[in-house]
Amino acid sequence: MAAAATAGSGTPQEEEGPGGEAPASQAQAPTSATGARLSRLPLARVKALVKADPDVTLAGQEAIFILARAAELFVETIAKDAYCCAQQGKRKTLQRRDLDNAIEAVDEFAFLEGEFC
């Protein structure tokens, strides 16, 4: 009844769905049926790489997750910087020289200089 009383007021009204529920557009926290992955890298592969180091005897799941997440952030950062180098060359496709330029331009990547042949 309230919607009928305010229908001529010029304000948009949200209608109730069948059965009196709020419309689907009203915000509820988005949920993922499959459960969002917290890490994009396969943790089993990261664990295998960690175990390949002879200095590492044990590595907990939390440590593996942190290493995987750190690797993701590192790759994301260097890729963004390399993409900026590609844009300066008026290109959208990353090339090896873009990574080389990003490594040379950013001090945080100085440890990578001369590592790639």
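Residues numbered from 1 in each chain as written. Predicted model: local features only at pLDDT ≥ 70, side-chain atom pairs only at ≥ 80, totals over all residues. Heavy atoms only, no water.

1. Some remarks on the overall build of the protein
Then comes step 1: Secondary structure assignment for the protein yields four helices and zero strands.
Then comes step 2: Its helices and strands in sequence order give the protein the pattern α-α-α-α, from N to C terminus.
Then comes step 3: Out of the 117 residues in the protein, the part that is buried amounts to 15%.
Then comes step 4: For the protein, the exposed area adds up to about 9700 Å²; of that, 58% sits on carbon and sulfur atoms. (Helix = DSSP H or I, 4+ residues; strand = E, 2+ residues; numbered from the N terminus. Buried < 20%, exposed > 50% of the residue type's maximum accessible area, 1.4 Å probe, protein only. Areas by Shrake-Rupley, 256 points an atom, 1.4 Å probe, with all protein chains shown as cover.)

2. A few points about the confidence of the model for the protein
Then comes step 1: Scored by pLDDT, the protein comes out at a mean of 78, with 68% of its residues at no less than 70.
Then comes step 2: Below a pLDDT of 50 lies the segment residues 2–19, which in the model reaches five contacts outside its immediate sequence neighbourhood of four places, other chains included.
Then comes step 3: Contacts for the low-pLDDT stretch residues 21–35, under 50 throughout, to residues beyond four places or in other chains number four contacts. (pLDDT = per-residue confidence, 0-100. Contact = heavy atoms within 4.5 Å.)

3. Brief notes about a nonpolar patch on the surface
Then comes step 1: On the surface, F74, V75 and F111 cluster together to form a nonpolar patch covering roughly 290 Å² of accessible area.
Then comes step 2: Tracing the backbone through its elements, the reader meets F111 in the segment after α4 (96–105).
Then comes step 3: Residue classification places F111 among the exposed positions, given a relative accessible area of 54%. (Patch = residues over 30% accessible without salt bridge, like charges linked within 9 Å, V, L, I, M, F, W, Y side chains within 5 Å. Salt bridge = Lys/Arg side-chain N within 4 Å of Asp/Glu carboxyl O.)

4. Considerations on the state of the cysteines
Disulfides are covalent bonds that connect the sulfur atoms of two cysteines.
Then comes step 1: This model, assessed by the stated rule, comprises zero disulfides.
Then comes step 2: Here C85 stays free of any disulfide, with the sulfur of C84 as its closest cysteine sulfur at 7.0 Å. (Disulfide = S-S within 2.5 Å.)

5. Details of the environment of R45
Then comes step 1: Its location among the elements puts R45 in helix α2 (residues 43–51).
Then comes step 2: Put simply, R45 and A68 are 23 residues apart on the chain and 9.4 Å apart in space, counted from C-alpha to C-alpha.

6. A closer look at unusual backbone geometry
Then comes step 1: Even without being glycine, K90 reaches a positive phi, approximately 60°.
Then comes step 2: Position of K90 among the secondary structure elements: in the loop between α3 (61–88) and α4.
Then comes step 3: The class for K90 is exposed, based on a relative accessible area of 76%.

7. Digging into the pattern of salt bridges
Then comes step 1: Scanning all chains against the criterion turns up four salt bridges.
Then comes step 2: Here E72 makes a salt bridge to R69, at a shortest N to O gap of 3.0 Å. Of this pair, E72 and R69 both sit in helix α3, three residues apart, roughly one helical turn.
Then comes step 3: A salt bridge links R96 to D100; the nearest nitrogen and oxygen atoms lie 3.6 Å apart. Remark: D100 and R96 occur in helix α4; sequence separation between them is four residues, near one turn of the helix.
Then comes step 4: The class of R96 is partly exposed, set by a relative accessible area of 41%.
Then comes step 5: According to the relative accessible area criterion, D100 is partly exposed, its value standing at 27%.

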